[in-house]
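Overview (structure and organization)
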Amino acid sequence: ILAPCLYLLFPMTLSVLVAHSFASEFETGAVRLLLARPTPRWKFLIGKWLALSGYALGMLALLLVTSYLVAACLFKGTGDLIVFKPLMGLGGGIVVHPWPAALGRVLLAYVLAVPMLAATVALALLAATLTRHFASAAILTTAVFFCSYVAENLPLLSDIRPYLPVYHMLLW
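Keep in mind it's a predicted model, so treat the numbers as computed, not measured.

**What about the packing of aromatic side chains?**
- All told, the structure shown has one aromatic pair when counted by the stated rule.
- Where Phe145 meets Phe146, the ring centres are 5.5 Å apart and the plane angle is 90 degrees; that geometry is what we call edge-to-face.
- Residue class for Phe145 comes out buried when judged on its relative accessible area of 4%.

**Comments concerning the environment of Arg132**
- Take Arg132: it is sitting in the loop between helix 4 (99-131) and helix 5 (134-152).
- As for Arg132 and Ser148, which are separated by 16 residues in sequence, their C-alpha atoms are 23 Å apart.
- When residues no more than four places from it in sequence are discounted, the contact partners of Arg132 are Ala23, Phe26 and Glu27.

**Let's talk about the pattern of salt bridges**
- Counting across every chain of the model gives one salt bridge.
- For Glu25, the salt bridge is made with Lys48, and the minimal N-O distance between the two is 2.9 Å. Taken as a pair, Glu25 in helix 1 (residues 2-28) and Lys48 in helix 3 (residues 41-75) lie far apart in primary sequence, 23 residues in all. Take Glu25 and Lys48: they sit in the same class, and that class is buried.

**Examining the environment of His133**
- Within the fold, His133 resides in the loop between helix 4 and helix 5.
- The class for His133 is partly exposed, based on a relative accessible area of 48%.
- With 110 residues separating them in the primary sequence, His133 and Ala23 have C-alpha atoms 5.2 Å apart.
- Those residues within four positions of His133 in sequence are excluded, and the remaining contacts are Ala23 and Glu27.

**Quick look at the nonpolar core**
- Leu2, Leu6, Phe10, Leu60, Leu117 and Val121 are the most contacted members of the largest nonpolar core, which has 28 residues in total.
- Element by element, the count of residues in this core is highest for helix 4, at nine residues.

**Quick notes on the side chain of Ser15**
- Relative to the helices and strands, Ser15 resides in helix 1.
- What Ser15 contacts, discounting residues up to four positions off in sequence, is Ala124, Ala138, Thr141 and Thr142.

About the cut-offs
- Residues numbered from 1 in each chain as written.
- Predicted model: local features only at pLDDT ≥ 70, side-chain atom pairs only at ≥ 80, totals over all residues.
- Heavy atoms only, no water.
- Phe/Tyr/Trp six-rings, centres within 6.5 Å; stacked < 30°, edge-to-face > 60°.
- Buried < 20%, exposed > 50% of the residue type's maximum accessible area, 1.4 Å probe, protein only.
- Helix = DSSP H or I, 4+ residues; strand = E, 2+ residues; numbered from the N terminus.
- Contact = heavy atoms within 4.5 Å.
- Salt bridge = Lys/Arg side-chain N within 4 Å of Asp/Glu carboxyl O.
- Core = buried A, V, L, I, M, F, W, Y, C linked by side-chain atoms within 4.5 Å.

Below you can see the structure in the form of structure tokens.
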């Protein structure tokens, strides 16, 4: 459940949320009131990033609790973790982790997803500061994210692969 959310659902949701929270302040003029006070702009951006990263962390925690409750209802809360290696880009075969190690692996996967979500929020903030419009910021963030995911899998672009935003996503 975590992989589809990290590749598709969370980036789209976060790009729309960040674009709405930041770019709508430019459209309504509320950012003028915020920046009229003697607050440095970097504190304003760091505050936005921390708040939206906290929201992303809440989404991740809600996904963990929901997926565990559904699994507990279906599979009695315990069991082995089965990893299909071809689906994760790890070669061929199947790996089965026994129950005590399985829980640790699942929790580690969720912990390692936090930096990816924080980077997605930062990318969305960058797009929101560049465009100042809600729709264009959300579309730009989503386009950069998914185009870099496609470019990562193209052999022709193997030289730029380490610099793409989604390159380190398979870490978890």
